[in-house]
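So you can see what is in the structure, the chains are spelled out below.
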Amino acid sequence: MRKAIALSIQNIKKGGGPFGAVIVKDGKIIATGVNRVTAKVDPTAHAEMTAIRKASKKLGTFDLKGCEIYTSCEPCPMCLGAVYWAHLDKMYYGNTKTDAKNIGFDDSFIYDEMDLKPEKRKVKTSQLLPDEAIKAFEEWSNKEDKVEY
């Protein structure tokens, strides 16, 4: 956790947001990440996302079972979803989402939006071509050699 916190502080000095993350396997750091949203002009370049990408590449798998993530702040909804999708065994965090909100990183509107029906959300949403889109899901369901995740 101290490494994640140190990364978050160092990243501020490099023009990034105050967020750092570390992924550990068998007691050893295998990947780190910091918030580079503005530097990379990438809204997904959060510390946790970056660390997960690096760990997956290093281990050659999308399944990070056996790994833990240490993050300087409770993850946003996107990063929390990525933690689950990556199958990380455990997550530790320093600051809370309320602490982040208090310095201008407020994700509560996303949590609120997720509880709404799609047609009630701020981002206008409409379903298009469901009869065509479902064909990909049908093909996937029938595929015998698929890699589940």
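Everything below is about the structure printed above this text.
Bear in mind that the values here come from a model prediction, so they are computed numbers and not experimental data.

Asker: Where do I start with the packing of aromatic side chains in this structure?
Answerer: Tallied over the full model, the rule gives four aromatic pairs. Arranged with centres 4.9 Å apart and planes meeting at 90°, the rings of Phe-19 and Phe-105 form a pair that is edge-to-face. Taken as a pair, Phe-19 in the loop between helix H1 (2-13) and strand E1 (20-25) and Phe-105 in the loop between helix H5 (97-102) and helix H6 (108-114) lie far apart in primary sequence, 86 residues in all. Where Phe-62 meets Tyr-149, the ring centres are 5.8 Å apart and the plane angle is 70°; that geometry is what we call edge-to-face. Of this pair, Phe-62 sits in the loop between helix H3 (47-59) and strand E3 (67-73) while Tyr-149 sits in the segment after helix H7 (130-142); the two residues are 87 residues apart in sequence, bridging distant segments of the chain.

Asker: Is there a simple way to think about the pattern of salt bridges in this case?
Answerer: What the rule picks out here adds up to two salt bridges. The closest approach of N and O atoms between Lys-65 and Asp-63, which form a salt bridge, is 3.5 Å. In this structure Lys-65 comes out as exposed when scored by relative accessible area, which is 51%. Assessed through its relative accessible area of 25%, Asp-63 is described here as partly exposed. Between Asp-145 and Lys-143 there is a salt bridge, with the nearest N and O atoms lying 2.8 Å from each other. Exposure remark for Asp-145: the relative accessible area of 58% places this residue in the exposed category.

What counts, and at which threshold
- Throughout this document, residue positions are counted from 1 along each chain, in the order its sequence is written.
- It should be noted that, the model being predicted, local features are given only for residues of pLDDT at least 70 and side-chain atom pairs only at 80 or more, the latter also being counted only at that level, while totals for whole chains, interfaces and linings use all residues.
- Hydrogens and water molecules were not included; the side-chain quantities draw on all heavy atoms of the structure.
- To pair, rings of Phe, Tyr and Trp, with the six-membered ring standing in for Trp, must have centres within 6.5 Å; the planes then decide the type, stacked if under 30 degrees apart, edge-to-face if over 60, and tilted in the middle.
- Secondary structure elements follow DSSP: runs of H or I of four or more residues count as helices, runs of E of two or more count as strands, with numbering from the N terminus.
- Criterion for a salt bridge: a side-chain nitrogen of Lys or Arg within 4 Å of a carboxyl oxygen of Asp or Glu.
- Only protein chains enter the calculation, and the probe is 1.4 Å; a residue is then buried if its accessible area is under 20% of its type maximum, exposed if over 50%, and partly exposed in between.

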